[in-house]
Amino acid sequence: AQSVTQLDSQVPVFEEAPVELRCNYSSSVSVYLFWYVQYPNQGLQLLLKYLSGSTLVESINGFEAEFNKSQTSFHLRKPSVHISDTAEYFCAVTALSYNTDKLIFGTGTRLQVFP
Amino acid sequence: EAGVTQFPSHSVIEKGQTVTLRCDPISGHDNLYWYRRVMGKEIKFLLHFVKESKQDESGMPNNRFLAERTGGTYSTLKVQPAELEDSGVYFCASSPEPGQGANTEAFFGQGTRLTVV
């Protein structure tokens with residue numbers, strides 16, 4: 001079984017400051033890792049994902065996440081946030097299995113960017 | 001192209017009543033998923049359809065929940081009778097292929113916020 005822990009339920013930050021949203025996972029099998037974002041009044045959108053290869057993955061809007069197998073972490077970072085980044089961010093995993101591809105989510109981190 | 005659409009966006013019902021949530025996946029997507037988020041908690045998997053067949057229903061909480069996908073197109077999730085603990089946001093997602101591989105991605109709807117009073 002897999003589980004995902006997002007320790008920070010809320011992260012307040014000023015605009016143009018750096019931010020890190022933490023995600024740790026637990027799994028007895030290999031997994032794919034994801035970050036989803038939910039902007040106000042919208043559905044979940046895939047932000048970025050790690051499947052294999054380079055442990056550093058990037059999104060088109062400046063976020064990046066690094067897969068650290070030894071620490072079982074997949075923290076999300078952005079060097080300079082914008083007001084429009086205000087949203088709830090969800091870390092998720094899925095087991096590498098043909099028979100199941102259900103996503104296991106963390107509890108979410110609400111990022112609030114202040115001017 | 002239309003995304004995943006869910007109806008209604010909000011529903012408030014009394015305990016004991018019946019509610020039916022609907023999900024229209026992206027056209028051509030064989031895989032359809034239901035998830036639920038109870039307030040303040042994680043988003044939890046409910047079940048997965050491949051076309052009209054239930055591939056995995058391990059997350060369905062109890063027999064008050066009934067999901068259908070007749071004809072392999074839209075899906076409904078019925079809660080009967082509703083209880084207070086059923087309150088939450090119900091998300092639907094669809095993907096063209098199973099597995100979160102390099103070329104696949106699950107696309108989510110906006111969710112239905114269900115409040116049972």
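Now for a quick tour of the structure. Everything numeric in this text was worked out from a predicted model, so none of it was measured. (Residues numbered from 1 in each chain as written. Chains lettered and ligands numbered in written order. Predicted model: local features only at pLDDT ≥ 70, side-chain atom pairs only at ≥ 80, totals over all residues. Heavy atoms only, no water.)

We now examine the interface of chain B and chain A. Across the boundary between the two partners, chain B contributes 25 residues, which contact 22 residues of chain A. Interface of chain B and chain A: buried area, both sides summed, is about 1900 Å²; carbon and sulfur atoms make up 53% of it. At the junction of chain B with chain A, the criterion picks out one salt bridge. A salt bridge links Arg37(B) to Glu88(A), with the nearest nitrogen and oxygen atoms 2.9 Å apart. Here chain B is connected to chain A by five residue pairs in polar contact (both at pLDDT 80 or more). Those elements that place two or more of their residues in the side of chain B that touches chain A are strand 4 (31-37), strand 5 (43-50) and strand 6 (53-56) of chain B. Its residues assigned to classes, the side of chain B that touches chain A shows nine nonpolar, 10 polar and six charged. (Contact = heavy atoms within 4.5 Å. Buried area = accessible area lost by both parts, 1.4 Å probe. Salt bridge = Lys/Arg side-chain N within 4 Å of Asp/Glu carboxyl O. Polar contact = N/O pair within 3.5 Å; in protein donor to acceptor, adjacent residues only side chain to side chain. Helix = DSSP H or I, 4+ residues; strand = E, 2+ residues; numbered from the N terminus. Nonpolar A, V, L, I, M, F, W, Y, C, P; charged D, E, K, R; others polar.)

Residue and element names in this part refer to chain B. Alternating positions in strand 7 (residues 65-68) separate cleanly, Phe-65 and Ala-67 being buried on one face and Leu-66 and Glu-68 remaining unburied on the opposite face. The pairing of strand 7 with strand 8 (residues 75-79) spans four bridges and is antiparallel. Within strand 8, the position partnered with Ala-67 by the bridge is Leu-77. Hairpin connection of strand 7 to strand 8: six residues between the antiparallel strands, including Gly-71 at a positive phi of 75 degrees. (Buried < 20%, exposed > 50% of the residue type's maximum accessible area, 1.4 Å probe, protein only. Pairing = 2+ DSSP bridges.)

So, on to the environment of Pro81(B). All names here are of chain B. With respect to the helices, strands and loops of the structure, Pro-81 is situated in the loop between strand 8 and strand 9 (88-95). Remark: the alpha-carbon pair of Pro-81 and Phe-65, spanning 16 residues in sequence, is separated by 8.7 Å. Residues contacting Pro-81, with those up to four places away along its chain left out, are Gly-16, Gln-17, Arg-64 and Asp-86.

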